Amino acid sequence: MAIVVPVDTTDGRRHLRVASPATQEVTGDISVTSADDVRAAVARARAAQPAWAATSFAERAVIMRRAAEILRTDQARFIDVIRRDTGRSQFESLMMEVFPALDSLTYYAKHAAAILGDRRPGLHLLRTKKLLVTYRPLGVVGIITPWNGPFILGLNPTVQALMAGNAVLLKPSEVTPFAGALVGELLAEAGLPADVLQIVQGDGATGAALVDGGVDKISFTGSVATGRKVGEACGRNLIPCTLELGGKDAMIVCDDADLERAAGGAVFGAFFNAGQFCCGTERVYVHQGIAEDFIRRVVEKTRALRQGTDGEFDVGPMIWPRQLDTIERHMADAVARGATVRCGGRRNLEAGELCYEPTVLTDVTHDMLIMQDETFGPILPIVVVADDDEAIRLANDSRYGLSGTVWSKDKARAVAIAKRLDTGSVCVNDSSITYGACEAPFGGRKASGVGQVNGDTGLRGYCHAQPILVDRFGPKEEQVWYPYTADKERTLQKVIRWVWGTPLGRWMS
Ligand code: NAD
């Protein structure tokens with residue numbers, strides 16, 4: 001079945017009909033924003049942006065805090081829409097979308113002024129000048145988001161771009177357009193001026209039109225394949241972009257790990273959001289000495305999970321039906337090549353049309369699809385390794401490098417392993433939660449992405465850091481100005497000898 005289908009219309013525009021992954025009932029139609037509409041929206045955003053950029057950080061913060069208060073007090077309205085679009089449980093919608101949204105709104109409201117305020121770094125050499133670094137908004141930012149976190153993955157970059165003084169065009173995934181549109185509704189209710197944030201709806205064609213629509217930056221979150229196209233288009237348009245892409249995150253369980261906690265972390269990391277989590281645990285490397293005990297606990301905990309689409313449950317359906325094809329392709333390949341299904345391993349039609357049972361696999365080998373490609377589903381393959389070195393080698397032997405986790409009671413050992421992983425971030429003794437730590441710069445390495453979002457780095461990424469160098473004393477001329485004379489060369493040689501040829505000079509430089 002399809003969650004998004006085109007519908008015939010008489011208004012000359014493309015329309016898409018969207019259904020809920022939980023019930024397959026139609027949730028509504030969206031009118032697709034055409035390339036012309038996108039260009040018109042960019043023009044409106046460009047007209048609205050200077051007045052927004054002229055507001056103070058404090059004024060912008062008032063709107064963000066008001067939005068947080070609306071979200072906190074009226075959360076049921078937001079959760080209802082998120083649940084209809086994703087089929088997720090009540091708790092997961094609250095924990096994964098609303099909680100971090102409240103944090104993002106209030107964190108950047110509180111800290112943007114300090115992070116983006118003018119800086120005056122001292123100059124080590126050009127002592128006759130003063131340096132001011134000022135963070136100028138880029139202008140109009142295009143944000144393109146996927147379906148697996150449709151509210152938070154739209155809201156978080158939007159808040160950062162807005163706090164930096166930009167206008168924003170946000171294109172949610174066509175799979176979850178209504179949860180994405182909530183970002184616009186929330187900020188409009190909070191008093192954001194018209195056209196400073198606009199939602200453009202549609203599929204890949206609208207996304208591509210946005211990248212080519214004359215914006216000043218693209219913040220893209222989605223698959224590697226689309227990320228490549230977006231990166232190429234940004235290169236053609238000479239605009240910066242951040243690409244937050246897929247992953248194949250590894251979990252390394254050392255022989256001294258707290259096994260109960262590690263097993264719980266593996267189950268949560270793999271099955272959270274039904275495995276549709278960019279930093280989900282997609283592979284486990286466990287030390288041989290504790291492997292049997294660890295696997296037993298993981299299987300027990302997995303069997304205890306309640307799957308469903310209604311009432312109280314732990315694991316929901318796949319949000320995008322095509323994901324089921326990927327899961328089944330990876331599973332068929334693994335089983336055909338000798339993997340053992342310890343639990344799960346099939347669709348769960350009793351729980352819901354789009355549900356796949358939380359699955360644990362052992363006897364997997366490194367060359368299987370399930371170990372090589374992003375599955376983005378509730379499958380947990382476990383590999384037994386001899387030591388830390390083998391675990392690190394296998395973890396790094398991947399075209400992805402988003403995040404990863406290391407589990408050991410010896411934190412120094414775990415941090416040492418973390419430093420050897422070629423990933424954007426690592427969590428020790430916890431599932432991958434770095435995206436939820438506002439202070440942490442977040443981004444992938446290798447095929448998992450380009451650039452970083454969040455924290456000081458992410459916020460400043462929505463600005464141009466403009467250095468303004470001011471002369472302090474105003475002599476009639478500078479030593480290096482015309483005419484070039486032998487005298488001036490001798491003076492310059494003296495400076496070189498002193499600065500790079502004496503201990504005091506070297507200390508100062
Ligand atoms: P996708 O790449 O199919 O779509 C993402 C967005 O791009 C959608 O809004 C889509 O309409 C749009 N799009 C499609 N073609 C486009 C084009 N040519 N130009 C511009 N936009 C285009 O990804 P998806 O299936 O929605 O999301 C799942 C993927 O997202 C997974 O790989 C997952 O790992 C990744 N993801 C990464 C992060 C991260 O932070 N690294 C977070 C969440 C999801």
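Within each chain, residue numbers correspond to sequence positions counted from 1 in written order. Confidence filtering applies because this is a predicted model: local features only for residues at pLDDT of at least 70, side-chain atom pairs given and counted only at 80 or more, and all residues used for totals across whole chains, interfaces and linings. Water and hydrogen atoms were dropped before computing side-chain values, which therefore reflect all heavy atoms in the structure.

**Student:** Where do I start with the pairing of strand E5 (residues 140-144) in this structure?
**Tutor:** A regular strand places its side chains on the two faces of the sheet in alternate fashion. Note on classification: 1.4 Å probe, protein chains only; a residue is buried when its accessible area is under 20% of the maximum for its type, exposed when over 50%, partly exposed between these limits. By the criteria applied, helices consist of DSSP H or I runs no shorter than four residues and strands consist of E runs no shorter than two, each listed in order from the N terminus. In terms of burial, E5 is a largely internal element, five of the five residues being buried. A clockwise course of the path from the first strand over the helix to the second, judged with the strands pointing away from the viewer, identifies a crossover as right-handed. Traced from E5 through helix H5 (residues 152-163) to strand E6 (residues 167-171), the parallel crossover comes out right-handed. Strand pairing is defined by DSSP finding a minimum of two bridges between the two strands. Sheet topology note: the E5/strand E8 (residues 217-221) ladder contains four bridges and is parallel. By the bridge assignment, valine 141 is partnered in E8 with lysine 217.

**Student:** Would you take a moment to explain the site of the ligand for this structure?
**Tutor:** Nearness of a residue to a molecule or strand requires only that one of the residue's heavy atoms be within 4 Å of it. Of all residues adjacent to the ligand, which total 29 residues, the nearest are Thr145, Ser223, Thr226, Leu245 and Glu374. Lysine 171 has a polar side-chain atom sitting 2.9 Å from an oxygen atom of the ligand. Within the side chain of glutamate 374, one N or O atom sits 2.6 Å away from an oxygen atom of the ligand. Listing elements by their share of the shell around the ligand, those giving two or more residues are helix H7 (204-211), E8 and helix H8 (224-237). Between N or O atoms, a polar contact is any pair within 3.5 Å; within protein, one atom must be a potential hydrogen donor and the other a potential acceptor, and residues adjacent in sequence are included only when both atoms are from side chains.

**Student:** Would you mind showing me how to read helix H2 (residues 57-73) here?
**Tutor:** What a helix should span is 1.5 Å times the count of its residues minus one. Along its 17 residues, H2 runs 24 Å from first to last C-alpha, staying within 8% of the 24 Å computed at 1.5 Å per residue. All of the buried residues in H2 are Arg60, Ala61, Ile63, Met64, Ala67, Ala68, Ile70 and Leu71. On its buried side, H2 packs onto helix H1 (35-53), helix H3 (75-86), helix H4 (90-116), H5 and helix H6 (177-189). By the convention used here, residues are in contact when the closest approach between their heavy atoms is within 4.5 Å.

**Student:** Sorry if this is basic, but what is going on with the domain arrangement of the protein chain here?
**Tutor:** Accessible area lost upon the coming together of the parts is a frequently used measure of interface size. An automatic or database domain assignment provides the domain bounds reported here. Each assigned domain of the protein chain is listed with its residue range as follows: domain 1 (34-245 + 455-464), domain 2 (249-445) and domain 3 (480-508). Taken together, the contact between domain 1 and domain 2 spans 25 residues of the former and 27 residues of the latter. Accessible surface is computed with a 1.4 Å probe, and the buried area is the amount of it that two parts give up when combined, taken over both parts together. When domain 1 packs against domain 2, close to 2000 Å² is buried across both sides, 59% of that on carbon and sulfur atoms. Listing elements by their share of the side of domain 1 that touches domain 2, those giving two or more residues are H3, H4, H5 and helix H15 (455-460). Looking at the side of domain 1 that touches domain 2 element by element, the count peaks at seven residues for H4. Counted by class, the side of domain 1 that touches domain 2 contains ten nonpolar, nine polar and six charged residues. Classification used: nonpolar for Ala, Val, Leu, Ile, Met, Phe, Trp, Tyr, Cys and Pro, charged for Asp, Glu, Lys and Arg, polar for all others including Gly.

**Student:** Teacher, can you tell me more about the packing of aromatic side chains here?
**Tutor:** In this description, a pair of aromatic rings is defined by centroid distance and the angle of the planes. To pair, rings of Phe, Tyr and Trp, with the six-membered ring standing in for Trp, must have centres within 6.5 Å; the planes then decide the type, stacked if under 30 degrees apart, edge-to-face if over 60, and tilted in the middle. Under the defined criterion, the tally for this structure stands at seven aromatic pairs. Taken together, a centroid distance of 5.0 Å and an interplanar angle of 90° make the contact between phenylalanine 272 and phenylalanine 277 edge-to-face. Overall, the relative accessible area of 16% leaves phenylalanine 277 in the buried class. Taking 5.2 Å as the distance between ring centres and 85° as the angle between the ring planes, the aromatic pair formed by tyrosine 435 and phenylalanine 442 counts as edge-to-face. Look at phenylalanine 442 and you get buried, because its relative accessible area is 3%.

**Student:** What exactly am I supposed to notice about unusual backbone geometry here?
**Tutor:** Looking along the chain, the bond that leaves tyrosine 482 and enters proline 483 is cis, with omega of -5°. Structurally, proline 483 is set in the loop between strand E18 (463-471) and helix H16 (486-501). Even without glycine at this site, leucine 238 takes up a positive phi of about 50°. Considering the arrangement of structural elements, one finds leucine 238 in the loop between H8 and strand E9 (241-244). Leucine 238 sits in the exposed class, given a relative accessible area of 76%.

**Student:** Looking at this structure, how should I read the environment of lysine 411?
**Tutor:** Tracing the chain through its elements places lysine 411 in helix H14 (residues 411-419). Distance from lysine 411 to alanine 274, taken between C-alpha atoms, is 29 Å for residues 137 residues apart in sequence.

**Student:** Quick question: what am I supposed to make of the packing of H2 against H3 here?
**Tutor:** Angles run from 0 to 180 degrees between N-to-C directions of axes, and those axes are lines fitted to C-alpha atoms, restricted for helices to the stretch in contact. One way to put it is that H2 packs onto H3 with a least axis distance of 5 Å and a crossing angle of 75°. In this view, H2 runs roughly perpendicular relative to H3, as classed from their interaxial angle. Counted together, Ile70, Leu71, Arg72 and Thr73 of H2 and Gln75, Arg77 and Phe78 of H3 form the full contact between these two elements. Broken down by class, the residue content of the contact of H2 with H3 amounts to three nonpolar, two polar and two charged. Roughly parallel means an angle under 35 degrees; roughly antiparallel, over 145; roughly perpendicular, 65 to 115; everything else is oblique.

**Student:** Is there a simple way to explain the environment of alanine 412 in this structure?
**Tutor:** Here alanine 412 shows up in helix H14. On the basis of relative accessibility, which here comes to 59%, the residue alanine 412 falls in the exposed class. The spatial distance from the C-alpha of alanine 412 to the C-alpha of phenylalanine 178 is 45 Å, given a sequence separation of 234 residues.

**Student:** It is not clear to me how the side chain of threonine 281 should be interpreted in this structure. Could you clarify?
**Tutor:** Here threonine 281 is to be found in strand E11 (residues 281-287). Those residues within four positions of threonine 281 in sequence are excluded, and the remaining contacts are Asp249, Met251, Ala266, Gly269, Ala270, Ile379 and Leu380.

**Student:** I'm lost on the packing of H2 against H5 in this one. Help?
**Tutor:** The relative placement of two packed helices is expressed as an angle between their axes plus a distance between the axes. At a closest axis distance of 10 Å, the pairing of H2 and H5 adopts a crossing angle of 155°. Looking at the two axes, H2 sits roughly antiparallel to H5. Contacts between H2 and H5 involve Phe57, Arg60, Ala61 and Met64 from the former and Val159, Leu162 and Met163 from the latter. Its residues assigned to classes, the contact of H2 with H5 shows six nonpolar, no polar and one charged.

**Student:** Looking at this model, I keep getting lost on the sheet that holds E9. Mind explaining?
**Tutor:** In sheet architecture, strand pairing relies on hydrogen bonds along the backbone and comes in two forms, parallel and antiparallel. Across the sheet, six strands lie side by side as E7-E6-E5-E8-E9-E17; this open sheet has mixed pairing. Both outer strands of the open sheet, strand E7 (197-199) and strand E17 (449-450), are each paired with one neighbouring strand and no more. Pairing of E5 with E6, which is carried by five bridges, proceeds in the parallel orientation. Paired with valine 140 across the bridge in E6 is alanine 167. Most of the contacts of H1 go to E6, to which it runs at about 150°, and overall it touches E5, E6 and E7.

**Student:** For this particular structure, what's the right way to read the sheet that holds strand E16 (residues 427-428)?
**Tutor:** The strand order across the open sheet formed by seven strands is E12-E13-E14-E11-E10-E15-E16, and the pairing between neighbours is mixed. Each having just a single partner strand, strand E12 (340-343) and E16 make up the two edges of the open sheet. With two bridges connecting them, strand E15 (residues 404-407) and E16 associate as parallel partners. Among the inter-strand pairings, threonine 405 is bridged to a residue of E16, identified as cysteine 427.

**Student:** What is the right way to read the pairing of E8 from this model?
**Tutor:** For E8, a buried count of five out of five residues is recorded, marking the element as mostly surrounded by other parts of the structure. Side chains Lys217, Ser219 and Thr221 project from E8 onto one buried face, and the interleaved Ile218 and Phe220 project onto a second face that is buried too. By the bridge criterion, four bridges tie E8 to E9 in an arrangement that is parallel. Across the sheet, isoleucine 218 pairs through a bridge with cysteine 241, a residue of E9.

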